[in-house]
Amino acid sequence: MNTRKVTVKSLDPISLGKIQGIILAVIGLIAGVFFALFSVIGGLAADSPIAAIGGGIGAIIFVPVFYGVLGFIGGLLTAVIYNLAASSVGGIEMEFKYTDDVL
């Protein structure tokens, strides 16, 4: 068993943006389902089935896209800020454990 320290010196902004965008889009889909459920319940309670259906479908489509776009932009900004900070202080040190076991 070997351990090795590595330093993350920089992050690719596009790569981090894509990953963070996907993660937040999935979270947005989950949130969108809840928004849709409440929209349908509220619309039906107000005797407005068109608002119920429109709000439900809108929430399931709009919220994940909105969260995904914000996640992508946030990932880009995070990587750029990290790269600036890492150039000043040297980055994050991480320790990895390697084993000789083969599955």
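Here is a short report on the structure shown in this document. Since we're looking at a predicted model, the values are computed, not measured.

Analysis parameters
- Residues numbered from 1 in each chain as written.
- Predicted model: local features only at pLDDT ≥ 70, side-chain atom pairs only at ≥ 80, totals over all residues.
- Heavy atoms only, no water.
- Helix = DSSP H or I, 4+ residues; strand = E, 2+ residues; numbered from the N terminus.
- Contact = heavy atoms within 4.5 Å.
- Areas by Shrake-Rupley, 256 points an atom, 1.4 Å probe, with all protein chains shown as cover.
- Lys, Arg positive; Asp, Glu negative; His and termini not counted.
- Charge placed at Lys NZ, Arg CZ, Asp CG, Glu CD.
- Salt bridge = Lys/Arg side-chain N within 4 Å of Asp/Glu carboxyl O.
- Buried < 20%, exposed > 50% of the residue type's maximum accessible area, 1.4 Å probe, protein only.
- Expected span 1.5 Å × (residues − 1).
- Bend = angle between axes of the 7 residues up to and from the residue.

**Topic: the overall build of the protein chain**
In step 1: Within the protein chain, the secondary structure is distributed over two helices and two strands.
In step 2: Oriented by its inertia axes, the alpha-carbon framework of the protein chain measures out at about 65 × 40 × 15 Å.
In step 3: For the protein chain, long-range pairs separated by at least 24 residues make up 86% of all intrachain contacts whose partners lie at least 6 apart in sequence.
In step 4: When the accessible surface of the protein chain is split by element, carbon and sulfur atoms take 73% of a total near 7500 Å².
In step 5: With 5 positive and 6 negative side-chain charges, the protein chain shows a spacing of 10 Å between the two charge centroids.

**Things to note about the pattern of salt bridges**
In step 1: Counted under the stated rule, the structure contains one salt bridge.
In step 2: Notably, a salt bridge pairs Lys5 with Glu93, separated by 3.9 Å at the nearest N-O pair. In this pair, Lys5 sits in strand S1 (residues 2–8) while Glu93 sits in strand S2 (residues 92–98), placing the two residues 88 residues apart along the sequence. The pair formed by Lys5 and Glu93 is uniform in burial state, with each residue classed as exposed.

**Describing helix H2 (residues 49–89)**
In step 1: Taking 1.5 Å as the rise per residue, H2 with 41 residues should run 60 Å; its terminal C-alpha atoms sit 58 Å apart, in good agreement.
In step 2: The largest bend along H2 reaches roughly 30 degrees and is located at Ala59.
In step 3: Those residues of H2 lying buried are Ala52, Gly56, Ala59, Val63, Pro64, Gly68, Gly71, Gly75, Ala79, Tyr82 and Ala86.
In step 4: Each element contacted by the buried residues of H2 is listed here: S1, helix H1 (13–45) and S2.

**Focus: the environment of Gly17**
In step 1: Locating Gly17 in the fold gives a position in helix H1.
In step 2: Taking relative accessible area as the criterion, Gly17 reaches 0% and is therefore assigned buried.
In step 3: Taking the C-alpha atoms as reference, Gly17 lies 39 Å from Leu44; in sequence the two are 27 residues apart.
In step 4: Ignoring any residue separated from it by four or fewer positions in sequence, one finds Gly17 in contact with Gly71, Phe72, Gly75 and Leu76.

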